[in-house]
Amino acid sequence: MKSYVELVRRRLEDRGNNVVGNLERFMEPQLRFTMRIFGDCLDEETRDRMFSGYNEHLTEQELRAFAADFVPAYTRYAIAELEEKKKDGERHEPPFLTQEEYQEMAVREKWPRIAEHAGFVPPHQLRREIARAAMLFLPGMLSDPGFNEGVLEFSLYFDLLQRLRSVSETRLRGAAGEIAPRIAAAVAATSEEEREALLREIRAAAAAAAGLPADPQTLLGPPMEKYPREIPPEYRLRELKNTLGTMTLKDLRLSALVHLDLLTVEETRRIVLPFLAKYPSFYEMPSKGLRELILAVAAGVDGRSITYFIERYGSGWLAMTKPVDYIVWKLMPEEERVDALRRDNERMDAAMMARHLARFIHSESERDLSDAGRQIALLTDARYVADHGAILTRLGAKGEGERIKRLYDTVTLSSVRMAGQRGEERESAYQAIRGMIADAAGVFAATMEGGENDG
C-alpha cells in the first residue's frame, strides 16, 4: 500500500504536468484562474517571491509563459509542504494541514478543526478562512468543497484579504472565535430559514473584522474581472500598442474615432491637431500616423473609456477623474458619490456632455448604453451624429453652456437614483431619463424601428 504522502505527491506531480502540458489550450481567463488557485495556497512571503513580475493585466502569451515556469515551481513547493506537514504521520488538523488541504475541505469539515486548534492556524490562513466566511451566501456552500475555489472568481475575496492584512493577529483570532460556533450552528440547523439567518451573522462577523459595514453580498461584483481592477498605465499602453499592430487601416480609423470621442475640445486642440496638421485630412492619415495619434491620445488621457460615463454610477470608474476604489464607492454615502460625480462632470465640456446625452437617446436600454460595441457603432451612425450636433447647438452654444450643464447635472442625479433600483423600476427610471433628455433637446429617442430627429 502506498502511503498518503506518496499518493498525494503523485497527484500533485500529475496535476502539475497536466496543467503545463495543456497551457496552450488555456484561454486568458483560465490562465488567470489557475494562478489564483495556486496562489491561494502560498503563504504571503512565498507568494510575493513567486509572483514577482506577475500581473493579471499581462497579455495571454505572457500569462502562459509565466505559468509555464510557475506551475513546476509551485508543485515543488506544495510537495515540500506536504512532506514537512506529514513527516510525523498522517494528521489532518492544524498545524498539520497543508494549504491545499485547507482549500480542498468543505466549510463544515474545516471549521470544527480550526475551532479546536485555533492557536495553530497561522494568520495568513485565518485571513483566507475569514474572507471565505464573508462570502457564505447560500446554505449549500457549507458542504460544497468547491466553494473555496469558487470564491476565487470574485475580486471581493481579494479585497477582503487585502483589508484583513492590516488586522492584528489577536483580532483575527477573535473573529474566528465568533465565526466558528455560528458555522457549527448553521450546519446543525434544521431549516433553511435558520441557516440563512446564521449565515448573515457569519458574514457580518467576517465583514466587521475586515472593516466592512455592509453585507459582503451587496459588494460581490462580476466574476473573473481582472485584479487589481485598475490597469497600470504601462500595461494599458503596451497592450494598446500590441493591439494596434494587428489592425487594418479601417479598424485603425475606427479606433482613432473612439479615442477622439474621449476628448474635450481643448484636449483635441492640444493632442490631436499637431497630428492632423501633417495630413490633408483625417481620412488620409496612413496606418503609422493613426497608430501614433491613438497612442498619443491614450497617453494624454489615460484611464478613460467610451462607457465610463454610465458605468461610473455603479462602479466608481469615473469618466474624467481618478477612479474610486470599488468597495469604497459602494459604501460611500449617496451625497459623497454625487459630489464625486459632479467633480467629474466639471472636467467635461459642452461637446462631451452632448455626446453622452445623445448616447442615452440612441440606447434603448441601460444595457445598450454600457455595451462598448454598440457605443462604438454609434460613432458612424448618421442619426447619432446629427442628434449630437443638435443637442450641442440648442443647449450648449449660449451662456457658456449653462443649459446643457444643468441638464447633465439633472441626468447625473437621476442616474444615481437609478443605480440603486432594480428590475422594472430601474428600467422605468432609465426610460424617464431618455424622455427628459429628448424633451429638453427637442429630439426623438431612438426606438427599435429607429427614431428621426427634428433637426
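Along each chain, residues carry numbers from 1 onward, in the same order as the chain's sequence is written. Side-chain atom pairs in this predicted model are given and counted only at pLDDT of 80 or more, local residue features only at pLDDT of at least 70, and totals for whole chains, interfaces and linings cover all residues. Hydrogen atoms and water are omitted, and side-chain values are computed over all heavy atoms in the structure.

Structural notes on the overall build of the chain
And step 1. A tally of regular secondary structure across the chain gives 24 helices and zero strands.
And step 2. Its C-alpha atoms give the chain principal-axis dimensions of about 85 × 50 × 40 Å.
And step 3. Buried residues are those whose accessible area, probed at 1.4 Å on protein chains only, stays under 20% of the maximum for their type, while exposed residues exceed 50% and partly exposed ones sit between those limits. Expressed as a percentage of the 455 residues in the chain, the buried residues total 47%.
And step 4. Taking the intrachain contacts of the chain between residues at least 6 apart in sequence as the baseline, contacts between residues at least 24 apart amount to 71%.
And step 5. Here the accessible surface of atoms and residues is derived via Shrake-Rupley with a 1.4 Å probe, and residues count as covered only by protein chains that are part of the display. When the accessible area of the chain is evaluated, it comes to approximately 21,900 Å², of which 53% is carbon and sulfur surface.
And step 6. Charged residues are defined narrowly, with Lys and Arg counted positive, Asp and Glu counted negative, and His plus the chain ends left uncounted. To locate a charge, take atom NZ for lysine, CZ for arginine, CG for aspartate or CD for glutamate. Of note, the chain has its 64 positive side-chain charges centred 3 Å away from the centre of its 74 negative side-chain charges. Helical segments are the DSSP runs of H or I of at least four residues, strand segments are the runs of E of at least two, and each set is numbered from the N terminus. Throughout, a residue-residue contact means that at least one pair of heavy atoms, one from each residue, lies within 4.5 Å.

Here's the deal with the confidence of the model for the chain
And step 1. The pLDDT value tells you how sure the predictor is about a given residue, anywhere from 0 up to 100. Mean pLDDT over the chain stands at 95; residues scoring 70 or higher make up 98%.
And step 2. Ignoring residues within four places in sequence, the model shows residues 448-455, a span with pLDDT below 50, making 16 contacts including any to other chains.

What about the nonpolar core?
And step 1. Here, nonpolar core means buried Ala, Val, Leu, Ile, Met, Phe, Trp, Tyr and Cys residues that are tied together by side-chain atoms lying within 4.5 Å of each other. In terms of nonpolar packing, the biggest core is built from 74 residues, with F70, Y74, L136 and I179 touching the most fellow members.
And step 2. Per-element accounting of this core gives the leading share, ten residues, to helix α4 (residues 60-85).
And step 3. When neighbours within four sequence positions are excluded, I179 is seen to be in contact with W111, I130, A133, I202, A205 and A206.
And step 4. Counting residues in each nonpolar core, the second largest holds 42 residues, with M320, L395, I404 and L407 among its members.

Re unusual backbone geometry
And step 1. Between P94 and P95 the backbone carries a cis peptide bond, its omega angle lying at 5 degrees.
And step 2. Its location among the elements puts P95 in the loop between α4 and α5 (99-104).
And step 3. In this model, M224 sits at a positive phi of 60 degrees, which is unusual for a non-glycine residue.
And step 4. Note on placement: M224 falls in the loop between α11 (192-209) and α12 (233-244).
And step 5. Its relative accessible area of 16% is what places M224 among the buried residues.

Topic: empty space enclosed by the protein
And step 1. Buriedness of a pocket was judged along seven lines, with at least five required to meet protein on both sides within 12 Å; pockets are open sets of points on a 1 Å grid over the protein atoms alone, cavities are sets where a 1.4 Å probe fits but cannot get out, and lining residues have an atom within 4 Å of a point. Grid points are joined across faces, edges and corners, and a volume is the space filled by probe spheres set on the points. Summed over all chains, the structure comprises three cavities of 30 Å³ or more.
And step 2. As for the largest cavity, its lining consists of D261, L262, R304, S305, I306, F309, A319, M320, M352, R355 and H356.
And step 3. Element by element, the count of residues in the lining of the largest cavity is highest for helix α19 (residues 350-361), at three residues.
And step 4. Note on residue classes: Ala, Val, Leu, Ile, Met, Phe, Trp, Tyr, Cys and Pro are nonpolar, Asp, Glu, Lys and Arg are charged, and everything else, Gly too, is polar. When its residues are assigned to classes, the lining of the largest cavity shows six nonpolar, two polar and three charged.
And step 5. Looking at the second largest cavity, its volume works out to about 60 Å³.
And step 6. Forming the boundary of the second largest cavity are Y4, V8, R11, L12, A78, L82, T98, E100, E101 and E104.
And step 7. Counting residues per element, the ones that place at least two in the lining of the second largest cavity are α1 (4-21), α4 and α5.
And step 8. Ranked by the residues each element gives to the lining of the second largest cavity, the list is headed by α1, at four residues.
And step 9. Tallied by class, the residues present in the lining of the second largest cavity amount to five nonpolar, one polar and four charged.

Observations concerning the environment of L249
And step 1. Tracing the sequence through the fold places L249 in helix α13 (residues 249-260).
And step 2. Once the C-alpha coordinates of L249 and M285 are considered, the two residues, 36 residues apart in sequence, prove to be 9.2 Å apart.
And step 3. When neighbours within four sequence positions are excluded, L249 is seen to be in contact with M285, P286, S287 and L290.

Quick notes on the layout of surface pockets
And step 1. Put simply, the second largest pocket is a space of about 560 Å³.
And step 2. Lining the second largest pocket we find 20 residues, and of these R47, F158, L161, R165 and Y227 sit closest to its centre.
And step 3. Across the lining of the second largest pocket, the residue classes tally to seven nonpolar, four polar and nine charged.

Considerations on the packing of aromatic side chains
And step 1. Ring pairs shown here join Phe, Tyr and Trp side chains whose ring centres sit within 6.5 Å, with only the six-membered ring taken for Trp; geometry is labelled stacked below 30 degrees between planes, edge-to-face above 60, and tilted in between. Enumeration over the complete set of coordinates arrives at 13 aromatic pairs.
And step 2. With centroids separated by 6.0 Å and ring planes inclined at 20 degrees, the aromatic side chains of F70 and Y74 adopt a geometry described as stacked. Residue F70 and its partner Y74 are both found in helix α4; the two are separated by four residues, about one turn of the helix.
And step 3. Centre to centre, the rings of Y157 and F158 are 5.3 Å apart; their planes meet at 75 degrees, and the pair counts as edge-to-face. Like F158, Y157 is buried.
And step 4. One aromatic cluster in this structure is built from F38, F51, Y54, F66, F70, Y74 and Y77.
And step 5. Only Lys NZ and Arg CZ are tested; either one counts as a charge over a ring when it is within 6 Å of the ring centre and within 35 degrees of the ring normal. Taking the ring centre of F51 as reference, the NZ or CZ of R47 above it sits at 4.2 Å.

Topic: the environment of L164
And step 1. Relative to the helices and strands, L164 resides in helix α9 (residues 155-164).
And step 2. By relative accessible area, which is 0% here, L164 ends up buried.
And step 3. Sequence-wise, L164 and N148 are 16 residues apart; in three dimensions their C-alpha atoms are separated by 17 Å.
And step 4. The residues contacting L164, other than those within four sequence positions of it, are R127, I130, A131, L172, A209 and A210.

Here's the deal with the side chain of R203
And step 1. Within the fold, R203 resides in helix α11.
And step 2. Take R203: its relative accessible area is 4%, and that puts it in the buried class.
And step 3. Looking at R203, its side chain comes within polar contact range of the main-chain oxygen of L136, at 2.8 Å.
And step 4. Excluding anything up to four places from it in sequence, R203 contacts A133, A134, L136, F137, D215, P216 and Q217. Counting of polar contacts relies on pairs of N or O atoms within 3.5 Å, with two restrictions inside protein: one atom must be capable of donating a hydrogen and the other of accepting it, and residues adjacent in sequence are counted only when both atoms are side-chain atoms.

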